[in-house]
Structure formats: C-alpha cells, structure tokens
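# Breakdown of the fold
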Amino acid sequence: MKRSTRKFFLVLCAAGCLGFIWINSVMPGSASSRLSGYVEKILKMFFGDGFALSEAVIRKLAHCFEFAVFGVILSLLFYEKLSARLPLVGFFGLGAAVCDETIQLFSNGRSSQIKDVWIDFFGFAAGTLLIFIFYALDKETKGNHRRL
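Residue placement: Arg110 occurs in the loop between α4 (82-105) and α5 (114-147). One buried charged residue, Arg110, forms no salt bridge at all, with the nearest opposite charge on Asp100 at 6.4 Å. In this view, Arg110 contacts Asn24, Ser25, Met27, Pro28, Gly29, Ser32, His63 and Gln104; residues no more than four positions away in its chain are not counted.

What follows is the structure, encoded as structure tokens:
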C-alpha cells in the first residue's frame, strides 16, 4: 500500500474511532447504562452468573479499550518517526481524553471526572506502548540486518 493511501486510511480510522468515542459520550446516562447492561448480560452468558464486573466497571473498561484502539491507530499513523513524534501522539491522546470528559459534562445524566481522563489516557498509553514496542523491535531488526 502506498504511504499516502496508508496515511489517508489511518486518518479515516482515527477520525472514526474518535467519532465513536465521542458519540458514546454524547449519549444520555440512561442510554449508556442500558448499553453497558447489555454487555454485562452478554458477558454473563459466556462466563456464567458468577461474572463479577459491574455495569460501571464495564463502562470504564470499554473507555480504556476504545482509547487503546485510538492509541494504536495514531501510533501507526506516525509510525515512520514514532520516537520523535511520541510527545505529539501523547498530546493528541490526552487532548482527546479531556474533550471526551468535557462532552460528558453536557450530556444528560452524565458527569465528568478527572479519574476518567486518567483511565482514558491509560488506555491510550497502553495502545501506544504496544505499537512502540513493535517499532523498537522493528528498528533493532533493521539495524541488525545492516550490520550483516
């Protein structure tokens, strides 16, 4: 895939991921709660009635996962020079998390909490770290091939 096509695709994926995250944050608290309840029921079908995660914990894990996916996509977008662009990637991730919580301030039945910004950013950092590990291994492998 050509570099420009790849970048365009990743920009679309990043925008789509961010749109998905923010659309879920616009949802009223009752709708978000119902959605988390459905996920809880599905998980109980797979893991049995002893499944112990509450609806609130499921919602926090979902946010963490959404932001991890966003971190992976942004890291892939800046992959060629990821080590130099890491502060920029982190800035986008933190900014997206702050915007996400700000959106929730204006959604019926929702609230905004600093700890939720940290949960979102932790997920983002985990996704970014995953790609950065691959990036570092890739650079090391390419460096070893040059030495041979």
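Interhelical geometry of helix α3 (residues 55-77) versus α4 gives an angle of 145° and a closest axis separation of 10 Å. Crossing handedness for the pair α3 and α4: right-handed. Between α3, through His63, Phe67, Phe70, Leu74 and Ser75, and α4, the contact on the second element is made entirely by Leu82, Val89, Phe92, Gly93, Ala96, Ala97, Asp100 and Gln104. When its residues are assigned to classes, the contact of α3 with α4 shows eight nonpolar, four polar and one charged.

Quick look at the nonpolar core now. Core analysis: the largest hydrophobic core is formed by 20 residues, its most contacted members being Phe67, Phe70, Leu74, Phe78, Leu82, Val89 and Phe124. Elements with a minimum of two residues in this core: α1 (3-26), α3, α4 and α5. Those residues in contact with Val89 that sit more than four places away from it in its chain are Leu74, Ser75, Phe78, Leu82, Phe124 and Thr128.

This paragraph deals with the pattern of salt bridges. The final tally for this structure, using the stated rule, is four salt bridges. Here Lys7 and Glu80 are joined by a salt bridge, their closest N and O atoms 3.5 Å apart. Residue Lys7 is found in helix α1, and its partner Glu80 is found in the loop between α3 and α4; the two are separated by 73 residues along the sequence. Glu80 sits in the partly exposed class, given a relative accessible area of 29%. In this structure, the salt-bridge partner of Lys44 is Glu40, at a minimum N-O distance of 3.8 Å. Here Lys44 and its partner Glu40 are both found in helix α2 (residues 29-47), four residues apart, which amounts to about one turn of the helix. Residues joined by salt bridges that share partners form a network here, namely Arg6, Lys7 and Glu80.

Attention now moves to the packing of aromatic side chains. Counted according to the given criterion, the structure contains six aromatic pairs. A ring pair is formed by Phe78 and Phe92, whose centres lie 6.5 Å apart and whose planes are at 15°; its orientation type is stacked. Here the residue Phe78 occupies a position in the loop between α3 and α4, and Phe92 occupies one in helix α4, the gap between them amounting to 14 residues. Its relative accessible area of 38% is what places Phe92 among the partly exposed residues. The interplanar angle of 90° and the centroid separation of 5.3 Å between the aromatic rings of Tyr79 and Tyr135 together place this pair among those described as edge-to-face. One end of the pair, Tyr79, is in the loop between α3 and α4; the other, Tyr135, is in helix α5, and 56 residues separate them in sequence. Taken as a pair, Tyr79 and Tyr135 share a single burial class, namely buried. One aromatic cluster is present, formed by Phe70, Phe121 and Phe124 through successive ring pairs.

Cut-offs used in this document
- Positions within a chain are numbered from 1, following the residues in the order the chain's sequence is written.
- Given that this is a predicted model, residues contribute local features only at a pLDDT of at least 70 and side-chain atom pairs are listed and counted only at 80 or more, while totals for whole chains, interfaces and linings are drawn from all residues.
- Calculation of side-chain values draws on the structure's entire complement of heavy atoms; hydrogens and water are dropped beforehand.
- Starting at the N terminus, helices and strands are each numbered in turn, a helix being any DSSP run of H or I of at least four residues and a strand any DSSP run of E of at least two.
- Each residue's exposure class comes from its accessible area (1.4 Å probe, protein chains only) as a fraction of the maximum for that residue type: buried when under 20%, exposed when over 50%, partly exposed otherwise.
- Positive: Lys, Arg. Negative: Asp, Glu. His and the chain ends are not part of the count.
- What makes a salt bridge here is a side-chain nitrogen of Lys or Arg within 4 Å of a carboxyl oxygen of Asp or Glu, nothing more.
- We call two residues in contact when some of their heavy atoms are within 4.5 Å.
- Orientation is described by axes fitted as lines to C-alpha atoms, over the contacting stretch for helices, and by angles from 0 to 180 degrees between their N-to-C directions.
- Crossings are classed by handedness, with left-handed meaning an anticlockwise turn of the near helix from the far one by less than a right angle and right-handed meaning a clockwise turn.
- Polar here means any residue other than Ala, Val, Leu, Ile, Met, Phe, Trp, Tyr, Cys and Pro, which are nonpolar, and Asp, Glu, Lys and Arg, which are charged; Gly is therefore polar.
- The set of buried Ala, Val, Leu, Ile, Met, Phe, Trp, Tyr and Cys residues whose side-chain atoms join them within 4.5 Å is what this entry labels a nonpolar core.
- Two rings belonging to Phe, Tyr or Trp (six-membered ring only in the last case) form a pair when the distance between their centres is within 6.5 Å. Interplanar angles under 30 degrees mark stacking, angles over 60 mark edge-to-face geometry, and anything in between is tilted.

That's the geometry; what it means functionally is another story.
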